[in-house]
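Chain residues, written in single-letter form:
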Amino acid sequence: MAKKFIEDLVKEMTLEEKLGQMTQLSPEFLGIDPTMDLTGPMNEFNVQPQWLDKIGSTLNGYGARQLRAIQEKNMKESRLHIPILFMGDVVFGYRTGFPIPLAMGCSFNPDNYEKASHIAAKESAASGLHLTFAPMTDLVRDPRWGRVMESTGEDAWLNCQMTKAAVHGFQGDDFKEKGRIAACVKHFAGYGAPWGGRDYNMVDISEGVLREYYLPAYKAAVDAHVAMVMTSFNPVNRIPSSANQWLLRDILRKEWGFEGPVISDYASVDETISHGVARDGAEAAQKCIQAGVDIEMMSTNYLSYVSQLLEEGRLDISLIDEAVTRILELKDALGLFENPYKDASEEDEAALHRCSQHLQAAYDIAVGCPVLLKNQGVLPLGPEVKTIGLAGPFAGCEKTEADESLYLSLKRRLPYANIITAMTEPLGSLQRGIKDVEDQVQAAAEALKDCDVIIAAVGECGEDFGEAASKTCLRLSPNQERLLWALKQTGRPVVMIVHSGRPMEIYPVMDCADGIIQGWHLGCEEGIALADILTGKVNPSGRLTMSIPYNVGQIPVHYNAFNTGRPTQGKDERYISRYLDCPNEALFAFGYGLTYSRFEYSAFETQVLECEGCCPDETVVARAGITVKNVSDRTGTEVVQLYIRDIAAQVVRPVKELRGFNRVELAPGEFRTITFDITREMLAYWNNDGEFVFEPGEFDLMIGSSSADVETARVTIGQSR
Ligand code: GLC
């Protein structure tokens, strides 16, 4: 029930004022151009001058001084003095850069995701932001899609844990509080499954798969009281999300009870025309308002056509009032009617942005994200290493977010080592192997051939991942592969660090390196975080949350695959579900990651508790436990993982699904028994009758160090079918 003052305000508003609240433009349209980055095509749309003092929100404008100026002008000149809502993309840090969310997922540490989100909230709130378009919680299974870097990975259950943490990190218990901002979960729904991994392409997912894998993390955000939901560019069941009543009204509002505003993605109201479900801007406005999109981002069909639609009886004013009420309620919940400037403060900007506490947090979080994929006795670099070779485009200082390059960090950590660099300049467009660099490669190998160890910092540069950065080839650029082979030819130990926003096709160069670290992009403390892992100051603890394929032909490859009617039995049979030229399994599996320690598992036990089958979802129906011992001489962190499998159900079920994990730090010789409670809800699945059900029967309970390395016990839970 809206507050009285909001009800009265809506009654007092003209139609144009209402439609202005339902429109979001970038700040330069409001005449003041704070530092902002354009995140989509700047389409031609007919912004009328009389609209400008009615626009309800802006995107991606930042800066306390600039946004205060915009707000001051609005509060002075607009008729009803409704505060503007400043929104923006703060996805992995604001001024203090944190690891990309895919790296954050690999930390298997929701608390760190919450901490990073809270710091991002403090810093961006000081710069005048009220709401962030984050967390992005699209399930991702296709590394050809450049935006996998914004997600925490391929597992719905883990994404739920990470999403809840991020929402609470941004919002706290009340986002009106200082240092908190509202969050907007995106992109609802199924944006992470474009055909061919090509951004903005068609998505076609059965309802069962949507419900089981693609929807849960958005629902986790709603259950965590996320303030807003952003629609996705893609169709769901052949209707673009922004025009999809089933998605936005039936599921999001009726089933899940979401009451906040829904915003379109960038121009996606307009794009219903190019999708072919709207003849023109008027029909685009009509369908998206009927579907329940309250704010049209970066297009102006609402302002342009709703008046005509109302006159023609194609829309009811009640839908407009409903949308405006939700928008005003969000502004009220942020306290903007009392204080339109919220936390915007140049003084706080100076005090908070990249302050020592935030940088320390960025370091503490970054060191937990890299994944050690291979280590044939080369890491950590021991005191015997006196001369280090450093090559590759990510070794130098030109890394975008990192405050300090890997080179300078290594020099700081190993002041007595002789560090020789070669071919560290950014290859830029050469990243894609456009120009032959053979002579540089040979020169690099010659320069580094007497080093005790060579570190190759390779990967993909900024414009090669993220939005609108889909690729059909996931290999390192030819130049970088050539460099790795030349370094291999020196016969010296080589460590390869992969700096990327996606799993890359590293199989072709696996043999070039004795050690491989998936380094992702780790933010402003990347250099020192990697140096501390290389030198053993930090024992790596990251585990993959997205499978690394042998090659792009395997995609989609993910751990929670289906058994099929002809599963491979590991034997060389013909008529089974397999490739002739590649294993079915990923090169590196979900949950995989090495450390400098060694852990042994023993005493795997399971226990089934009586379940009448009619008890509540959170009833514990089984327990599984195992003892983990650190049998090395180095303290380390093991991520003990729990998986389940439903042996027979009404619909096909994955061969395993993550349902729990426990990060446990153990000193040398220390051991601990880790127990997991298994509830009915954890075993439930979406049947084809429109509900999540728990069915008694046989299940495999699995515990291990990765999805590819588990102990398994088959149990019967509840009365068997
Ligand atoms: C972009 C992205 C979305 C972002 C929005 C505003 O196109 O799809 O993630 O939040 O526009 O920048």
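Everything numeric here is computed off the predicted structure, so don't read it as measured data.

1. A closer look at the UniProt feature "domain: Fibronectin type III-like" (unreviewed entry) in the chain
Move 1: UniProt records the feature "domain: Fibronectin type III-like" (unreviewed entry) at residues 638–707, using the numbering of this structure.
Move 2: The annotated region residues 638–707 carries 6% helix and 60% strand content, and the separation between its end C-alpha atoms amounts to 14 Å.

2. Side note on the site of the ligand
Move 1: Neighbouring the ligand are 14 residues; T39, D89, R147, H187 and D265 lie closest to it.
Move 2: Within the side chain of R147, a nitrogen or oxygen atom sits 2.7 Å from an oxygen atom of the ligand.
Move 3: When the free accessible area of the ligand is taken as 310 Å², the share hidden by the protein chains comes to 99%.
Move 4: Its residues placed into classes, the shell around the ligand shows six nonpolar, three polar and five charged.

3. Things to note about the domain arrangement of the chain
Interfaces are often described in size by the accessible area the parts lose on coming together.
Move 1: Assigned domains of the chain: these are domain 1 (370–541) and domain 2 (599–717).
Move 2: Centre-to-centre separation of domain 1 and domain 2, based on C-alpha positions: 37 Å.
Move 3: Facing four residues of domain 1, the contacting portion of domain 2 comprises six residues.
Move 4: Interface of domain 1 and domain 2: buried area, both sides summed, is about 370 Å²; carbon and sulfur atoms make up 40% of it.
Move 5: In terms of residue class, the side of domain 1 that touches domain 2 is made up of one nonpolar, three polar and no charged.

4. Section: the pattern of salt bridges
Move 1: Under the defined criterion, the tally for this structure stands at 43 salt bridges.
Move 2: With a closest N to O distance of 2.9 Å, K471 and E460 form a salt bridge. Taken together, the residues span a long stretch of sequence, with K471 in the loop between β16 (453–459) and α18 (478–489) and E460 in the loop between β16 and α18 at a distance of eleven residues.
Move 3: Judged by relative accessible area, which is 19%, K471 ranks as buried.
Move 4: Three or more residues are tied together by salt bridges with common partners; here these are R249, R253, D294, E322 and R326.

5. Section: the environment of E212
Move 1: In this structure, E212 sits in helix α7 (residues 207–214).
Move 2: Taking the C-alpha atoms as reference, E212 lies 9.8 Å from A684; in sequence the two are 472 residues apart.
Move 3: When sequence neighbours within four positions are dropped, the list of residues in contact with E212 reads A156, R653, Y685 and W686.

6. Quick notes on the sheet that holds β16
Move 1: Spatially, the six strands line up as an open sheet ordered β13-β18-β17-β16-β14-β15, and their pairing is mixed. Each of the sheet's edge strands pairs with one partner strand only, and the pair in question is β13 (371–375) and β15 (418–422). The mean angle between the axes of side-by-side strands here comes to 15 degrees, regardless of whether they run parallel or antiparallel.
Move 2: Packing of helix α16 (residues 406–413) onto the sheet brings it into contact with β14 (387–391), β15, β16 and β17 (494–499), and relative to β15 it is tilted by some 170 degrees.

7. A word on the side chain of S268
Move 1: Along the chain, S268 falls in the loop between β11 (262–263) and α10 (271–275).
Move 2: The class of S268 is buried, set by a relative accessible area of 3%.
Move 3: Not counting residues up to four positions away in its chain, the partners in contact with S268 are T231, F233 and S242.

8. Some words on α16
Move 1: The complete set of buried residues in α16 reads L406, S409 and L410. For α16, the angular spread of the buried residues around the axis is 100 degrees, confining them to a single face.
Move 2: Looking at the packing, one finds that the buried side of α16 touches β14, β15, β16, β17 and α19 (526–534).

9. Some remarks on the packing of aromatic side chains
Move 1: Summed over all chains, the structure comprises 17 aromatic pairs.
Move 2: Consider the rings of W145 and Y191, whose centres lie 4.8 Å apart with planes at 80 degrees: the pair is edge-to-face. Pair noted here: W145 is in the loop between β6 (131–132) and α6 (156–171) and Y191 is in the loop between β7 (182–188) and α7, with a separation of 46 residues, a long-range link.
Move 3: With a relative accessible area of 0%, W145 lands in the buried category.
Move 4: A residue is classified by how much of its surface remains accessible, and Y191, at 1% relative accessible area, is buried.

10. Digging into helix α8 (residues 216–223)
Move 1: Looking at α8, one finds that the buried residues are A217, Y218, A220, A221 and V222.
Move 2: Residues of α8 that are buried in the fold lie against α6, β7, α7 and α9 (245–255).
Move 3: The positive-phi residue at the C-terminal boundary of α8 is H225, with phi of around 70 degrees.

Rules of the game
Residues numbered from 1 in each chain as written. Predicted model: local features only at pLDDT ≥ 70, side-chain atom pairs only at ≥ 80, totals over all residues. Heavy atoms only, no water. UniProt positions renumbered as here; feature names shortened; annotations may be inferred. Helix = DSSP H or I, 4+ residues; strand = E, 2+ residues; numbered from the N terminus. Near = heavy atom within 4 Å. Polar contact = N/O pair within 3.5 Å; in protein donor to acceptor, adjacent residues only side chain to side chain. Areas by Shrake-Rupley, 256 points an atom, 1.4 Å probe, with all protein chains shown as cover. Nonpolar A, V, L, I, M, F, W, Y, C, P; charged D, E, K, R; others polar. Domains from an automatic or database assignment. Contact = heavy atoms within 4.5 Å. Buried area = accessible area lost by both parts, 1.4 Å probe. Salt bridge = Lys/Arg side-chain N within 4 Å of Asp/Glu carboxyl O. Buried < 20%, exposed > 50% of the residue type's maximum accessible area, 1.4 Å probe, protein only. Pairing = 2+ DSSP bridges. Axes fitted to C-alpha atoms, helices over the stretch in contact; angles between N-to-C directions. Arc of directions from axis to C-beta. Phe/Tyr/Trp six-rings, centres within 6.5 Å; stacked < 30°, edge-to-face > 60°.

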